[in-house]
Amino acid sequence: MSKNKRVGVAAAIAVAAGLLCAAVSAQPVYKWVDAQGRTQYGQQPPDRSTAEQPQLHNTVPFGSSGGTGSGTAPRKLPRDVQDQVNGLAQGLTKTQPGKVPLSCGRAVSNATSGLDTMLETGDKNARDGYLSREQYEATAGKIRATRSHITVGDCEAATGVKRDFYQCISNDRNHVMGCAQQHRF
C-alpha cells in the first residue's frame, strides 16, 4: 500500500472515532481499574471479574423518532454519557502489551468486525439524531474503502508497518483503531 493510501486509511479510521458515540448502546461497555490504578474501558470484559458494566444504553434516548435532516443540529449527549463515550473511545485506541502470533484470518476478521461496528454505530447515531446523515455518509465511505483493502491476501503479503498492524489486530483484545493508531497504518 502506498504512503498516500496508508495516510488515507489512517485518516478514515481516525475519523471513524467520531462514529462511536452510540457504541455504548450497540453492545456492553465494561469499565475497570487496571493494576496501575488507571480506569479502562472496553467492549470485552477484563480478565478479572472486578469490572463493572455501566448501563449506558438506558441513559441515552436511542430509538427515538426523528433524526436530523439538512440544516438541523445533531442532538447532544448528556455530559456524563459523553464523558463515558470519550473514555470508551480513548480505551479503543489502546493496545495490549506483548505480541500474539500473526494470524491473517483472525486479523482480517477482527479488523472488519471493528469497522462494521463503527458503520452500524454511525448509522444508528444518524438515525437517532446524534450525527447528521451527511457526516455519517462522508465518514462511512472512507471506512468502507478502508475495509475493502483489509483482506487475507493483503495480510499475507504485508511487510513492515502493515505487517505490524495485522499482527496487532490478530490479538482479539485490540481494536482496529488502536492498532491503526499505534502502527500509523
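What you see is a predicted model; the values in this text were computed from it and never measured.

Calculation notes
- Residues numbered from 1 in each chain as written.
- Predicted model: local features only at pLDDT ≥ 70, side-chain atom pairs only at ≥ 80, totals over all residues.
- Heavy atoms only, no water.
- Helix = DSSP H or I, 4+ residues; strand = E, 2+ residues; numbered from the N terminus.
- Buried < 20%, exposed > 50% of the residue type's maximum accessible area, 1.4 Å probe, protein only.
- Contact = heavy atoms within 4.5 Å.
- Areas by Shrake-Rupley, 256 points an atom, 1.4 Å probe, with all protein chains shown as cover.
- Core = buried A, V, L, I, M, F, W, Y, C linked by side-chain atoms within 4.5 Å.
- Axes fitted to C-alpha atoms, helices over the stretch in contact; angles between N-to-C directions.
- Parallel < 35°, antiparallel > 145°, perpendicular 65-115°, else oblique.
- Left-handed = near helix turned anticlockwise from the far one by under 90°.
- Nonpolar A, V, L, I, M, F, W, Y, C, P; charged D, E, K, R; others polar.
- Salt bridge = Lys/Arg side-chain N within 4 Å of Asp/Glu carboxyl O.

K.L.:
Go over the overall build of the protein with me, naming the residues and quoting the values.
P.N.:
On a plain count of helices and strands, the protein comes out with 8 helices and 2 strands. Reading the helices (α) and strands (β) of the protein from amino to carboxyl end gives α-α-β-β-α-α-α-α-α-α. The buried share among the 185 residues of the protein stands at 42%. Summarising the internal contacts of the protein: among those between residues at least 6 apart in sequence, 68% fall at separations of at least 24. Counting every atom, the protein has about 9,600 Å² of accessible surface; 48% of that belongs to carbon and sulfur.

K.L.:
How would you sum up the nonpolar core? Please name residues and give values.
P.N.:
Core analysis: the biggest nonpolar cluster contains 23 residues, and Phe-165, Tyr-166, Ile-169 and Val-176 have the highest contact counts within it. Taken together, the elements giving at least two residues each to this core come down to helix H4 (104-127), helix H5 (133-149), helix H7 (160-169) and helix H8 (176-183). For this core, the leading source of residues is H4, giving 8 residues. Residues contacting Tyr-166, with those up to four places away along its chain left out, are Leu-102, Ala-107, Val-108, His-149, Ile-150, Thr-151, Asp-154, Cys-155 and Ala-158.

K.L.:
Could you give an account of the packing of H7 against H8, with specific residues and numbers?
P.N.:
Interhelical geometry of H7 versus H8 gives an angle of 150° and a closest axis separation of 9 Å. Between H7 and H8, the angle falls in the class roughly antiparallel. Crossing of H7 against H8: the hand is right-handed. On the side of H7, the interface is formed by Val-161, Asp-164, Phe-165, Cys-168 and Ile-169, while H8 contributes Val-176, Cys-179, Ala-180, Gln-182 and His-183. For the contact of H7 with H8, the per-class residue count stands at 7 nonpolar, 2 polar and 1 charged.

K.L.:
Go over the pattern of salt bridges with me, naming the residues and quoting the values.
P.N.:
This model, assessed by the stated rule, comprises 7 salt bridges. A salt bridge links Arg-147 to Asp-116; its shortest N-O distance comes to 2.6 Å. Of this pair, Arg-147 sits in helix H5 while Asp-116 sits in helix H4, and the two are 31 residues apart along the sequence. For Arg-147, a relative accessible area of 31% translates into the label partly exposed. A salt bridge links Asp-128 to Lys-124; the shortest N-O distance between them is 3.0 Å. Residue classification places Asp-128 among the buried residues on the basis of a relative accessible area of 3%.

K.L.:
Could you give an account of H8, naming the residues involved and the relevant values?
P.N.:
For H8, a buried count of 6 out of 8 residues is recorded, marking the element as mostly surrounded by other parts of the structure. Remark: Arg-184 follows H8 within two positions and exhibits a positive phi of approximately 50°.

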